[in-house]
Protein chains: 2
Amino acid sequence: VIESQKMLGIVGGMGPRAAAYFVTRLTELTPAIADQQHIPYVLYGDPRIPDRSLAWSGVGDAPTAWIIHAIRELEAIGATLICIPCNTSHYWFGEFRRHCSVPLLNIVDATLDSLDDAGIAEGKVAVLGTAATMRGGLYKSALMSRGYEVLLPESPYDEACLCAIAEVKSGHLTEARYSFTNCLDCVVRAGARAVLLACTELPLLVEGHLEIPVISSVDALARAAVVQMLSPPDGFPITFVDNPNEQIAAVQPKRREDA
Amino acid sequence: VIESQKMLGIVGGMGPRAAAYFVTRLTELTPAIADQQHIPYVLYGDPRIPDRSLAWSGVGDAPTAWIIHAIRELEAIGATLICIPCNTSHYWFGEFRRHCSVPLLNIVDATLDSLDDAGIAEGKVAVLGTAATMRGGLYKSALMSRGYEVLLPESPYDEACLCAIAEVKSGHLTEARYSFTNCLDCVVRAGARAVLLACTELPLLVEGHLEIPVISSVDALARAAVVQMLSPPDGFPITFVDNPNEQIAAVQPKRREDA
């Protein structure tokens, strides 16, 4: 009874709150006014995947075999596009791509595209995330190759960022917001023109409006997925317009000259 | 590399916001302080499933073949327990159970168990949901067989409830909250001792504290799933203790005599 159609595969569980928030934002950012206009997806939520930060530090099991297993299960169930809403796991992205027979979205590319969409083309950009993401080359090299300067929170605010992520994972969101706000203030004071939330736990902590653009890697990946899933091959690109009241998005045909 | 283990299968898409909210609550209600302590699940989010209310009214395609397809996909990927966070779809529950080879949770049973857990053992209980759920026998017969009186919102507040559900589906949450609050006020005035939110879109609209217990079918199903997934066969039952600050749950061993 089910006609062949596009289906999004999502590797979840990294962490569980981030994955639930990703599908919430995917739904909110989809320009739909009825259930049947939404994107079919399968979320493979496997929280048993070993800790990505520990593996990056060389003290824990590698998550790669688990993530590749999830990718294969998603392919088997019919996913035509796959995404992994976890930044740290993208250290092994090349390996995932080699084992994936359908297109695989890259959260770093999606986040940097969103930075560009926000009108920030140069200058100091702060990166907040796990130790691997802040200290490793994942975002650093991608930002530098696009001509940005990379700004990291100085000590002890880098530790506050790691605390915020751990507190989201353990369900202590009030404490996490406190740690995160200190960290945000630090990079704003240091002259950041924009902040990248380069860990999918961090966007859960954003409250109110900041004086500089805050780019959520969750929203960036969700938008990239919506565009790929809903845009006809020769159609107009989708423009996301946040409704401040409802956070829903609208489809606004955009002329090619403006794109 | 993946050891055989319990996995929860979730039939989503009915509607997409309700499914995302279900996995959010499942995560929040799981007593876990690290990613790896959470429940492995696969969420098969198929928003193409035909409208359940239209089918119940006899004017739309039946959703059954689609839901049975989703159940079979979840079984094939390894689900050891399946749940369907959509109340109206439970009109066809018998058919789903016949086609499902693993245990299938029933949202009506879970919601009535939560009503009992809230200490409401008799009296008038209001049912808010789709027309099918309010006017059909699904909750009515289950409540009456347990000795409760069924209270439905009177006109035009029953229509306000249907509007609230439609508004959630179309992403207009502010308008939905307005319609829903009117409807809640109506059943409180009519003397309800408790309110069942018998549609998985409605718990998204609850704000603040009401003077009578409000039983969310989303939380009820999520708790039933957590208990089944985490309780060892001969272990203590899990007691959910809402932390007013964080909405997380704790495991509190409960003596069998108190259960």
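Residues numbered from 1 in each chain as written. Chains lettered and ligands numbered in written order. Predicted model: local features only at pLDDT ≥ 70, side-chain atom pairs only at ≥ 80, totals over all residues. Heavy atoms only, no water.

Engineer: Mind showing me how you'd approach the pattern of salt bridges here?
Structural biologist: Two side chains bearing opposite charge may form a pair once their charged atoms approach each other closely. Under the criterion given, the structure shown has 20 salt bridges over all chains. For Arg-48 of chain A, the salt bridge goes to Asp-46 of chain A, with nearest N and O atoms at 2.8 Å. A relative accessible area of 13% places Arg-48 of chain A in the buried class. Salt bridges linked by common partners bring Asp-35 of chain A together with Arg-52, Lys-169 and Glu-201 of chain B together as one network. (Salt bridge = Lys/Arg side-chain N within 4 Å of Asp/Glu carboxyl O. Buried < 20%, exposed > 50% of the residue type's maximum accessible area, 1.4 Å probe, protein only.)

Engineer: So what exactly am I meant to see when it comes to the side chain of Thr-111 of chain B here?
Structural biologist: Residues and elements named next belong to chain B. Relative to the helices and strands, Thr-111 resides in helix α5 (residues 107-117). On the basis of relative accessible area, Thr-111 is assigned to the buried category, the value being 0%. Looking at Thr-111, its side chain comes within polar contact range of the main-chain oxygen of Ile-107, at 2.7 Å. The contact partners of Thr-111, leaving out residues within four places of it in the chain, are Tyr-139, Leu-196, Ile-215, Ser-217 and Ala-220. (Helix = DSSP H or I, 4+ residues; strand = E, 2+ residues; numbered from the N terminus. Polar contact = N/O pair within 3.5 Å; in protein donor to acceptor, adjacent residues only side chain to side chain. Contact = heavy atoms within 4.5 Å.)

Engineer: Just checking my understanding: could you explain the relation of the copies chain B and chain A for this structure?
Structural biologist: These two copies of the chain differ by a rotation about an axis and a displacement along the same axis. You can overlay chain B on chain A at an RMSD of 0.0 Å; the transform is a turn of 180° with a shift of 0.0 Å along its axis. What the rotation and shift describe, once combined, is the action of a two-fold rotation axis. Judged by C-alpha distance, Leu-43 of chain B is the residue of chain B that lies nearest the rotation axis, at 2.5 Å. (Least-squares fit on C-alpha atoms with pLDDT ≥ 70 in both.)

Engineer: Explanation requested: the sheet that holds strand β5 (residues 148-151) of chain B in the structure shown.
Structural biologist: Residues and elements named next belong to chain B. Here we have four strands laid out as an open sheet, ordered β5-β4-β6-β7, and parallel in their pairing. In this open sheet, the two strands that pair with only one neighbour each are β5 and β7 (214-216). The sheet shows a mean angle of 30° between the axes of neighbouring strands, taken without regard to direction. Note: strand β6 (residues 194-197) against β7, three bridges, orientation parallel. Within β7, the position partnered with Val-195 by the bridge is Val-214. Strands β4 (123-128), β5, β6 and β7 of the sheet are contacted by α5, whose axis makes an angle of about 155° with β6. Packing of helix α7 (residues 137-145) onto the sheet brings it into contact with β4, β5 and β6, and relative to β5 it is tilted by some 155°. (Pairing = 2+ DSSP bridges. Axes fitted to C-alpha atoms, helices over the stretch in contact; angles between N-to-C directions.)

Engineer: I would appreciate a short explanation of unusual backbone geometry in the present structure.
Structural biologist: Leaving glycine out, the prevailing phi sign among residues is negative, and the prevailing peptide bond configuration is trans. The peptide bond linking Met-14 of chain A to Gly-15 of chain A adopts the cis configuration, its omega dihedral lying at -10°. Structurally, Gly-15 of chain A can be placed in the loop between β1 (8-12) and α1 (16-29).

Engineer: Looking at this structure, how should I read the interface of chain B and chain A?
Structural biologist: Each side of the interface is counted separately: chain B has 50 residues, and chain A has 50 residues. For the pair chain B and chain A, the summed buried surface comes to about 4300 Å²; carbon and sulfur atoms form 55% of the total. Inspection of the region where chain B meets chain A yields four salt bridges. Taking the shortest distance from any N to any O, the salt bridge between Asp-35 of chain B and Arg-52 of chain A comes out at 3.0 Å. Counting across the chain B and chain A interface gives eleven residue pairs in polar contact (both at pLDDT 80 or more). Those elements that provide at least two residues to the side of chain B that touches chain A are α1 (16-29), β2 (41-45), α3 (64-77) and α9 (173-189) of chain B. (Buried area = accessible area lost by both parts, 1.4 Å probe.)

Engineer: Sorry, what's going on with the environment of Pro-153 of chain A here?
Structural biologist: Residues and elements named next belong to chain A. With respect to the helices and strands, Pro-153 occurs in the loop between β5 (148-151) and α8 (157-169). On the accessibility criterion, Pro-153 (6% relative accessible area) is buried. Separated by 27 residues in sequence, Pro-153 and Ala-126 have C-alpha atoms that sit 7.5 Å apart. Among residues more than four places away in sequence, those in contact with Pro-153 are Val-127, Leu-128, Met-134, Asp-158, Cys-183, Cys-186 and Val-187.

Engineer: Any chance you could explain the nonpolar core here in plain terms?
Structural biologist: Generally speaking, a soluble globular protein has its nonpolar side chains buried in company with each other. Residues Leu-8 of chain A together with Leu-8 of chain B are the most contacted members of the largest nonpolar core, which totals 75 residues. At eight residues, helix α10 (residues 217-230) of chain B tops the list of elements feeding residues into this core. When residues no more than four places from it in sequence are discounted, the contact partners of Leu-8 of chain A are Leu-26, Ile-39, Pro-40, Tyr-41, Val-42, Ala-79, Leu-81, Cys-83, Ala-225 and Met-229 of chain A. (Core = buried A, V, L, I, M, F, W, Y, C linked by side-chain atoms within 4.5 Å.)

Engineer: Looking at this structure, I do not really get the packing of helix α8 (residues 157-169) of chain B against α9 of chain B. What am I missing?
Structural biologist: Helix packing for two helices is described by the angle between their axes and how far apart those axes are. Residues and elements named next belong to chain B. Between α8 and α9, the shortest axis-to-axis distance is 8 Å and the interhelical angle comes to 150°. With respect to α9, the axis of α8 lies roughly antiparallel. As α8 runs across α9, the sense of the crossing is left-handed. Of the residues in α9, those touching α8 at Tyr-157, Ala-160, Cys-161, Cys-163, Ala-164, Glu-167 and Val-168 are Leu-173, Glu-175, Ala-176, Ser-179, Phe-180, Asn-182, Cys-183, Cys-186 and Arg-189. Taken together, the residues of the contact of α8 with α9 break down into eleven nonpolar, two polar and three charged. (Parallel < 35°, antiparallel > 145°, perpendicular 65-115°, else oblique. Left-handed = near helix turned anticlockwise from the far one by under 90°. Nonpolar A, V, L, I, M, F, W, Y, C, P; charged D, E, K, R; others polar.)

Engineer: Help me understand the sheet that holds β1 of chain A in this model?
Structural biologist: In any sheet, the strands associate via hydrogen bonds between backbone groups, in a parallel or an antiparallel arrangement. As summarised here, the arrangement of the six strands in space is β3(A)-β1(A)-β2(A)-β2(B)-β1(B)-β3(B), forming an open sheet in which the pairing is mixed. The sheet terminates laterally at β3 (81-83) of chain A together with β3 (81-83) of chain B, the two strands that pair on one side only. Between one strand axis and the next, the sheet turns by 15° as a mean value, whatever way the strands run. Two strands pair when backbone bridges link them, and β1 of chain A and β3 of chain A are joined in this way by three bridges, in the parallel orientation. Looking at the pairing, Gly-9 of chain A lines up with Ile-82 of chain A of β3 of chain A. In the packing of α1 of chain A onto the sheet, contacts are made with β1, β2 (41-45) and β3 of chain A, and the angle to β1 of chain A comes to roughly 150°.

Engineer: Help me understand the packing of aromatic side chains in this model?
Structural biologist: Here a ring pair, both rings aromatic, is described through the centre-centre distance and the interplanar angle of the planes. Residue and element names in this part refer to chain A. Applying the stated criterion to the full structure yields two aromatic pairs over all chains. When the ring of Trp-56 is compared with that of Tyr-91, the centres are 6.0 Å apart and the planes differ by 45°; the resulting orientation is tilted. Residue Trp-56 is found in helix α2 (residues 52-57), and its partner Tyr-91 is found in the loop between β3 and α4 (93-98); the two are separated by 35 residues along the sequence. Judged by its relative accessible area of 25%, Tyr-91 falls in the partly exposed class. Looking at Arg-189, its charged tip hangs above the ring of Tyr-157, at a distance of 5.6 Å from the centre. (Phe/Tyr/Trp six-rings, centres within 6.5 Å; stacked < 30°, edge-to-face > 60°. Lys NZ or Arg CZ within 6 Å of the ring centre and 35° of its normal.)

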